[in-house]
Structure formats: structure tokens, C-alpha cells
Amino acid sequence: MSMTNEPVITSYALASTRTIRANGITFAYRELGPKGGVPVIFFVHLAAALDNWDPRIVDPIATDHHVIAFDNRGVGASTGRVPDSVEAMADDAYAFITALGFEKVDIFSFSLGGMVAQALVVDHPELVRKLILTGTGPKGGKDMDKVARTTYYDIVRAGLTRSDPKEFLFFNRNPTGKAAGKAFVMRLEERTEDRDAKVKVAAFQTQLKAIKRWGRGRPDDLSTITQPVLIANGDHDRMVPSVLSNDLHQRISGSELIIYPDSGHGAIFQFHEQFAPRAVEFLAR
């Protein structure tokens, strides 16, 4: 069947959810943007499903790129159980990407997604053309294993104020950060039809266990990464400490680093007007 008559969807809120079988798992995914060229695969954060991507980041990239976001094993609408290691998550991501028939991809990753992306590029360097790592850190990085403690603490704080935990985890608790957090959470609600299943508590706890193992693991040799890499974070990331972005930058030769002022883990969402064009420019080179 020819796909040429299909209108090109460049709005993430309107992209339909599809599924594909790989490795005995049914993966849920959404795709948008023009087909052809090297696709950009989005690797999502802890406790997140398809509806957790900020449309202000996805849509500008989908203007000129084939964009695919997916739920890893046991997350959202994908079947199976969440693996308890980042490396196993990377194996699943590899199975998903190759099942779609891609031999070369760009990766846009955030937080836990950035850890999975690193594990994937270390194991399958030939698959990845360019890599965007945001709000993340290297395996065995200093204080990486403390993510769980910060996460639980902020979920409790958010519960006490009936807020979305992401407002606490991703943004500073000053007037700028609070406003950015509320705006971000509202943008995630722009899609009204065919929303994804929420991440289950057990899946979330297993993901935290995987992050802790990753944080305590023996560091990978990231000097083997020769692809262009763009790294971004806020200057006050409490969840995955900002120093880890600098650590990544030191370990990956030729990488670019952007640190946004007065912002935390969700800096790329707070500064989407500046960051989205930077990401687009990086991918277009």
C-alpha cells in the first residue's frame, strides 16, 4: 500500500498510537513528521509513557524529521514487565528500532532515557548517527544512585500540595520554576484523544531499581562514542545532579554542553523556546 497520500502529521497531540511486535513484546509507539531520512527516536524518562513528551520539543523536530516515540517493555501500553537493568532496556529499544526496519537513527533522550541511550550506543554504535542526552548522567557517576531518594521525597512533597510530582522533580521551587512547571504540566494535557496508559507503581519501582544499579555500576568507556553528541541540563538539577552532565561532556570527546540558568531537571522544557531550535540545528548538520 502506498503511503504517499497520507497527510504528514507534525503535531504530537494528533499522532496516532501504533504497535509492533519484537522479542515477544508488543511495543506501543507514535510517529509523526515526514518519512524518509534518518528518524529521530525519543527515549523517555522515569515513570513516563507516550503522553509525557512536551509537544513544544517534539513538534519543532517533527517539522523536518521522522519522529518516533515509544513505550519500552512494561511501560504504558507496551506489554511485558519492566526490566531491572538499564542494559536490558537498551536491548528492548534495539529490538524495537530494528523491528521497524531502521539501520541508522538519531536519538533524543531525557533522564532515564539518556541512560538507556548510552547503553544502546555502547552496544550498537553502528545504529546511532547522532545523540542528544538531556537531564542525564553516566553509569557509575557520582550520586547517580541517589535518584530514588530524591524522587520519593518529592512525590511526597507534591502529594501534600496536590501538585503533579514533576513540578517538584523537574523545576525549581521559585516563582520562575513554579510557573514553568505548571505550564509544562498543562502542555502535557494538550492531547485529549487516545491517551496512553499511566505507568504502574510496580513498573516505576523497578525502573528506580535499574537506575540505582546503573548509578553503582562500573562506568562504561564513553570515549568510544565518536558520534556528534549534544548534552543539556539546568544548573540546578536535583534529580540527576547537574555535575553529571559536565561529567558526560568530559567523557565524550567533541560533545557540546548547554547548561541553562535558574532551572532544574526539566530545563529543556522550561527553556523549550531556546532548546528546540538548538536541537533542530544539531540534527540538521
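Keep in mind the model is a prediction, meaning the values are calculated, not measured. (Residues numbered from 1 in each chain as written. Predicted model: local features only at pLDDT ≥ 70, side-chain atom pairs only at ≥ 80, totals over all residues. Heavy atoms only, no water.)

**With respect to unusual backbone geometry**
Then step 1. A positive phi is found at asparagine 23, a non-glycine position, where the angle reads about 55°.
Then step 2. Position of asparagine 23 relative to the elements: it lies in the loop between strand S1 (17-22) and strand S2 (25-32).
Then step 3. With phi around 65°, aspartate 143 is a residue other than glycine that occupies positive phi space.
Then step 4. Following the sequence through the fold, aspartate 143 ends up in the loop between strand S6 (128-134) and helix H4 (147-160).
Then step 5. Residue aspartate 143 is classed as partly exposed on the basis of its relative accessible area of 27%. (Helix = DSSP H or I, 4+ residues; strand = E, 2+ residues; numbered from the N terminus. Buried < 20%, exposed > 50% of the residue type's maximum accessible area, 1.4 Å probe, protein only.)

**Focus on the nonpolar core**
Where a protein is soluble and globular, its nonpolar side chains tend to be buried together.
Then step 1. Residues Phe42, Phe43, Trp53, Ile61, Ile97, Phe108 and Phe275 are the most contacted members of the largest nonpolar core, which totals 91 residues.
Then step 2. Not counting residues up to four positions away in its chain, the partners in contact with tryptophan 53 are Tyr12, Phe42, Phe43, Val44, Val58, Ala69, Phe108, Phe110 and Leu188. (Core = buried A, V, L, I, M, F, W, Y, C linked by side-chain atoms within 4.5 Å. Contact = heavy atoms within 4.5 Å.)

**Here's the deal with the packing of aromatic side chains**
Then step 1. Across all of its chains, the model carries 17 aromatic pairs by this definition.
Then step 2. Ring geometry for tryptophan 53 and phenylalanine 108: centres 5.9 Å apart, planes at 80°, overall edge-to-face. Of this pair, tryptophan 53 sits in the loop between strand S3 (40-43) and helix H1 (55-62) while phenylalanine 108 sits in strand S5 (residues 105-110); the two residues are 55 residues apart in sequence, bridging distant segments of the chain. Phenylalanine 108 carries the same exposure label as tryptophan 53, and that label is buried.
Then step 3. Three or more aromatic residues link up through ring pairs in this structure, and these residues are Phe27, Tyr29, Phe43, Phe70 and Phe96.
Then step 4. The ring of phenylalanine 282 has lysine 130 sitting right over it, with the charged end atom 5.4 Å from the ring centre.
Then step 5. Over the aromatic face of phenylalanine 168 sits the side chain of arginine 173, whose NZ or CZ is 3.8 Å from the ring centroid. (Phe/Tyr/Trp six-rings, centres within 6.5 Å; stacked < 30°, edge-to-face > 60°. Lys NZ or Arg CZ within 6 Å of the ring centre and 35° of its normal.)

**Notes on the sheet that holds strand S4 (residues 67-70)**
Then step 1. Taken together, the 8 strands give an open sheet; going across it, the order is S1-S2-S4-S3-S5-S6-S7-S8, and neighbouring strands pair in mixed fashion. Each end of this open sheet is capped by a strand with a single partner; those strands are S1 and strand S8 (256-260). Between one strand axis and the next, the sheet turns by 25° as a mean value, whatever way the strands run.
Then step 2. Bridge count for S2 against S4 is 4 bridges, and the pairing is antiparallel. Within S4, the residue paired with glutamate 31 across the bridge is isoleucine 68.
Then step 3. Each of S2, S3, S4 and S5 touches H1; the most contacted strand, S3, lies at about 170° to it.
Then step 4. Where helix H10 (residues 272-284) meets the sheet, its contacts fall on S3, S5, S6, strand S7 (229-234) and S8, and the angle it forms with S6 comes to roughly 160°. (Pairing = 2+ DSSP bridges. Axes fitted to C-alpha atoms, helices over the stretch in contact; angles between N-to-C directions.)

Interpretation in functional terms is not warranted from these geometric data alone.
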